[in-house]
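Chains, contacts and geometry: an overview
If you want the building blocks of each chain, they are given just below.
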Amino acid sequence: MAIPDSELILNKDGSIYHLNLLPDHISDTIITVGDPDRVPSVSQHFDSIETVIQKREFVTHVGYYRGKRLTVISTGMGTDNIDILLNELDALVNIDFVTREPRSLEERINLRIIRVGTSGALQADIPVGSHLVTEHAVGLDSLMQFYPLVETGLEVEVAREIQQSLQLDYRPYCVRGSDLLREQLGAGMIAGNTLTCPGFYGPQGRVLRLDLRLPTLIQQFQQFRHQSAEGEFRLTNFEMETAGYYALGRMLGHEVVSLNAIVANRASGEFATNSEAVINDLIAKTLARV
Ligand code: R1P
Ligand code: URA
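In this text, all values refer to a predicted model and were calculated from it rather than measured experimentally.

Structural notes on the overall build of the protein chain
- Helices and strands together make up the secondary structure of the protein chain, namely 7 helices and 15 strands.
- In terms of overall size, the protein chain behaves like a compact globule, its C-alpha atoms giving a radius of gyration of 19 Å where 290 residues would be expected to give roughly 19 Å.
- By its C-alpha atoms, the protein chain is 55 × 40 × 40 Å across when sized along the principal axes.
- Residue burial in the protein chain is summarised as follows: out of 290 residues, 53% are buried.
- Residue pairs in contact within the protein chain that sit at least 24 positions apart in sequence constitute 74% of those at least 6 positions apart.
- A total of about 13300 Å² of accessible surface is found on the protein chain, and carbon and sulfur atoms cover 50% of it.

Quick notes on the site of ligand 1
- Around ligand 1 lies a shell formed by G34, R38, M77, R115, G117, T118, F200, E239, M240 and E241.
- Residue R38 places a side-chain N or O atom 2.8 Å away from an oxygen atom belonging to ligand 1.
- With respect to ligand 1, the side chain of T118 contributes an N or O atom lying 2.6 Å from an oxygen atom.
- Protein chains bury 85% of the 350 Å² of accessible surface belonging to ligand 1 in isolation.

Here's the deal with the UniProt feature "domain: Nucleoside phosphorylase" (unreviewed entry) in the protein chain
- Under the feature "domain: Nucleoside phosphorylase" (unreviewed entry), the UniProt entry names residues 30–270.
- The distance separating the terminal C-alpha atoms of residues 30–270 is 32 Å; by composition the span is 25% helix and 35% strand.

Things to note about the pattern of salt bridges
- Summed over all chains, the structure comprises 12 salt bridges.
- Residues E155 and R250 are paired through a salt bridge, measuring 2.7 Å at the closest nitrogen-oxygen approach. One end of the pair, E155, is in helix α3 (residues 153–166); the other, R250, is in helix α6 (residues 242–252), and 95 residues separate them in sequence.
- A relative accessible area of 32% places R250 in the partly exposed class.
- Through salt bridges with shared partners, one network takes in E135, R176, D179 and R182.

Comments concerning the site of ligand 2
- Around ligand 2 sit T118, S119, G120, F200, Q204, R206, F238, E239, M240, V263 and A264, and that is every residue in its neighbourhood.
- Residue R206 places a side-chain N or O atom 2.6 Å away from an oxygen atom belonging to ligand 2.
- Compared with its free state, where it exposes 240 Å², ligand 2 has 93% of that area covered by protein.
- Elements with a contribution of two residues or more to the shell around ligand 2: β7 (112–121), β13 (237–239) and β14 (255–265).
- Class assignment of the residues belonging to the shell around ligand 2 gives a composition of 5 nonpolar, 4 polar and 2 charged.

Here we look at the pairing of strand β1 (residues 29–33)
- Among the 5 residues of β1, 5 are classified as buried, and the element is accordingly described as predominantly covered.
- The alternating pattern of β1 places T29, I31 and V33 on one face and I30 and T32 on the opposite face, and all of these are buried.
- Of the strand pairs in this sheet, β1 and β7 are connected by 4 bridges, and their pairing is parallel. Bridge assignment links T29 to a residue of β7, and that residue is R112.
- Where β1 lies against strand β4 (residues 68–74), 4 bridges are found, and the strand directions are parallel. When the sheet's bridge partners are listed, I30 is paired in β4 with T71.

Each value, and the rule that gives it
Throughout, residues of each chain are indexed from 1 in the direction in which the sequence is written. Chain labels run from A onward and ligand labels from 1 onward, assigned in the order the entries are written. The predicted origin of the model limits local features to residues at a pLDDT of at least 70 and limits the giving and counting of side-chain atom pairs to 80 or more, whereas totals for whole chains, interfaces and linings rest on all residues. Only heavy atoms go into the side-chain values, all of them from the structure, while hydrogens and water stay out. Each helix is a run of DSSP H or I of at least 4 residues and each strand a run of E of at least 2, with the numbering of both proceeding from the N terminus. As a reference, a globule follows 2.2 Å times the number of residues to the power 0.38, and the radius of gyration itself is taken over C-alpha atoms. Exposure categories follow from relative accessible area, calculated using a 1.4 Å probe and restricted to protein chains: below 20% of the type maximum is buried, above 50% is exposed, and the middle band is partly exposed. Note on definitions: a residue-residue contact is assigned when non-hydrogen atoms from the two residues lie within 4.5 Å. We get accessible surface area from the Shrake-Rupley algorithm with a probe of 1.4 Å; when it comes to residues, only the shown protein chains can shield them. The rule for a residue being near a molecule or strand is that one of its heavy atoms must lie within 4 Å of it. Pairs of N or O atoms within 3.5 Å make up the polar contacts considered here, provided that, within protein, one atom can donate a hydrogen while the other can accept it, and that residues adjacent in sequence are counted only when both atoms are side-chain atoms. UniProt positions are given in the numbering used here, feature names are shortened, and annotations may be inferred rather than shown by experiment. Each reported salt bridge corresponds to a side-chain nitrogen of Lys or Arg within 4 Å of a carboxyl oxygen of Asp or Glu. The residue classification treats Ala, Val, Leu, Ile, Met, Phe, Trp, Tyr, Cys and Pro as nonpolar and Asp, Glu, Lys and Arg as charged. All others, Gly included, are polar. For two strands to be treated as a pair, DSSP must find no fewer than two bridges joining them.

Here's what the structure looks like:
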């Protein structure tokens, strides 16, 4: 059945509603960054740039890096934007825009999506300036209240215990990312479990002028441990998108990995004086490995 105009929204030129992209703009490997100004920091390494497109916070450059076609897109902040990003990227490759019908299983395309973003460390042994690859992502945001995500036993246990420890009214979600991409792109990086927060201040325990409902939030994050046959699980860092990527990537069948430039450490209270260099090093490392 054709997907109605109000659900699969196409612009007059046939591009998808928010990303403003046509199916031709999508390479099988996509690098994503939060900050629109970071897109040129990636594409400056390209041999050539064939397309530049912008709508809202979604800036896209398509080009070639060492002969390989790559698409780099900025997402803005938060998992609400990741809902738009993943659904529209998937539509671009897995829905026929003429018939407005999903492609058959045999025709389905699996994308490789690589988030290169900044993040704050929770633990003292994860220094500012380091690079961290996310193994499990835990979402404190509400995105997965709206999708029937299937989680493993371990993921559900971890999420339930985090719910209890933070005295939340809802259960967070927990998703392990692609082992393949983690091994390929995260070699030599710290492997960690990333908490995705629905905000930068209160949800990350930052107090400026507002008190927190749970004043010990940061300590709860830092001290959380889950023991299982797979070993000890602890939360290493937080940011605002990774769990949305991992959950929707699993549901849509795309390989996703989140690479984090650690720019803050909440145990020591430091913020990187060279945060641009830390993220630029991560960009260069990522490109060399794609
Ligand atoms: C907050 O400063 C932003 O930085 C992190 C967070 O996830 C949030 O988007 O990621 P990016 O640097 O990729 O935007
Ligand atoms: N991004 C976040 O979301 N939090 C931090 O502490 C640093 C970067």
